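If you want the building blocks of each chain, they are given just below.
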Amino acid sequence: MVSALDSTRLVSARYALKNLRSSDDSSQDTQSSSAAGILSSYGLDPSSASLLSNQALSGLLDTLSSQNDTSDATDTTGGSADVTSASFMSMLKKQLQDAAAAEGESGKAHDMLAALEAGTLTISDPTQGVSIASWDVDDADEAETQSKDGKEIDVSGWSDFLDAHLERGADGAFVKENGSYVDQTNDSNAFFGLIGSNYYYLSWPQATAT
């Protein structure tokens, strides 16, 4: 069942989604403020969403809003890219490279890009029930790789998945350490955001102390 609090959040999400779609370019600040408020209410930190755009926020609000019509809050709609394909890995690498360039000398995008190139970045999509380890499409050894087998995971909505993997603090926000969320199932760093036109959960090993 959807709780009263979640129902209130989802109604708010519908209004925010309507505002995002109906506002023109002159109300960009209002759009960002509205979207940030909804992200915060779900425990997500909008200040860290460097890979998110208004299109991405609109898509997320669409997903959250649609869950108001299902008793188990599960979103199993299609449309996600094939995360097991080389084309997805190429798109992901390009997006991380762009984000790292905008980030400067170091940061979360740099860490995720390094993990992708090392094959230690895991991409999960619970709406499609699949998880897969990354590979570098520019590696000579992967030149002929068109796809790899993913790992089957439980199909669930984003709210349930994030609650199962991320710890909430006393304020209801998901806990972060050193700028990243921490996956409580395996102590890896984690990020939730838009890759291409769909949402994915990325996780990678924490740096070991030297």
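First, a word on scope: everything that follows refers to the structure included in this document. (Residues numbered from 1 in each chain as written. Predicted model: local features only at pLDDT ≥ 70, side-chain atom pairs only at ≥ 80, totals over all residues. Heavy atoms only, no water.)

A word on the overall build of the protein. In terms of helices and strands, the protein carries 6 helices and 7 strands. Sequence-ordered secondary structure for the protein, helices as α and strands as β, is α-α-α-α-α-β-β-β-α-β-β-β-β. Relative to its 210 residues, the protein shows a buried fraction of 43%. Long-range contacts, defined here as pairs at least 24 residues apart, represent 59% of the contacts in the protein between residues at least 6 apart. When the accessible surface of the protein is split by element, carbon and sulfur atoms take 46% of a total near 10700 Å². (Helix = DSSP H or I, 4+ residues; strand = E, 2+ residues; numbered from the N terminus. Buried < 20%, exposed > 50% of the residue type's maximum accessible area, 1.4 Å probe, protein only. Contact = heavy atoms within 4.5 Å. Areas by Shrake-Rupley, 256 points an atom, 1.4 Å probe, with all protein chains shown as cover.)

Moving on to the sheet that holds strand E5 (residues 180–183). Pairing is antiparallel in the open sheet, where 7 strands are placed in the order E3-E2-E1-E7-E6-E5-E4. If you trace the sheet from one side to the other, it starts and ends with strand E3 (151–152) and strand E4 (176–177), each paired once. Along the sheet, helix H4 (residues 86–103) contacts strand E1 (122–125), strand E2 (130–133), strand E6 (188–195) and strand E7 (198–204); its crossing angle with E6, the most-contacted strand, is approximately 100 degrees. Packed onto the sheet, helix H5 (residues 108–118) meets E4, E5, E6 and E7 and runs at close to 80 degrees relative to E7. (Pairing = 2+ DSSP bridges. Axes fitted to C-alpha atoms, helices over the stretch in contact; angles between N-to-C directions.)

Right, let's talk about the pairing of E7 for a bit. Of all 7 residues making up E7, 7 are buried, and the element is well covered by its neighbours. Note that E1 and E7 share 3 bridges and pair antiparallel. Counterpart to Ser 124 in the pairing with E7 is Tyr 201. Judged from the 7 bridges that link them, E6 and E7 form a sheet pairing that is antiparallel. Opposite Gly 193, over in E7, you have Tyr 200 as the bridge partner. Counted along the chain from E6 to the antiparallel partner E7, the turn is 2 residues long, and its residue Gly 196 has a positive phi close to 70 degrees.

With a phi close to 65 degrees, Asp 187 is a non-glycine residue in the positive phi region. Within the secondary structure layout, Asp 187 lies in the loop between E5 and E6. Take Asp 187: its relative accessible area is 54%, and that puts it in the exposed class.

The computed volume of the largest pocket comes to approximately 320 Å³. Every residue lining the largest pocket is counted, 21 residues in all, and those nearest its centre are Ser 124, Ile 153, Phe 161, His 165 and Thr 185. Mapped onto the lining of the largest pocket, the elements with two or more residues apiece are E1, E3, helix H6 (158–165) and E7. Of the residues assigned to the lining of the largest pocket, the class counts are 6 nonpolar, 10 polar and 5 charged. (1 Å grid on protein atoms, 1.4 Å probe; cavity = no way out; pocket = protein on both sides within 12 Å on 5 of 7 lines; lining within 4 Å. Points joined across faces, edges and corners; volume = space filled by probe spheres on them. Nonpolar A, V, L, I, M, F, W, Y, C, P; charged D, E, K, R; others polar.)

Spanning 18 residues, H4 covers 25 Å between terminal C-alpha atoms, matching the ideal 26 Å at 1.5 Å per step. Against the buried residues of H4 lie H5, E1, E2, E6 and E7. One or two residues past the end of H4 sits Gly 104, with phi positive at roughly 105 degrees. (Expected span 1.5 Å × (residues − 1).)

Another point: H6. Buried within H6 we find Trp 158, Ser 159, Phe 161, Leu 162 and His 165. Buried residues of H6 fall within an arc of 165 degrees about the axis and therefore sit on the same side. (Arc of directions from axis to C-beta.)

Attention now moves to the side chain of His 165. Inspection of the secondary structure puts His 165 in helix H6. Relative accessible area serves as the criterion here: at 18%, His 165 is assigned to the buried category. When residues no more than four places from it in sequence are discounted, the contact partners of His 165 are Val 182, Asp 183, Gln 184, Thr 185 and Tyr 201.

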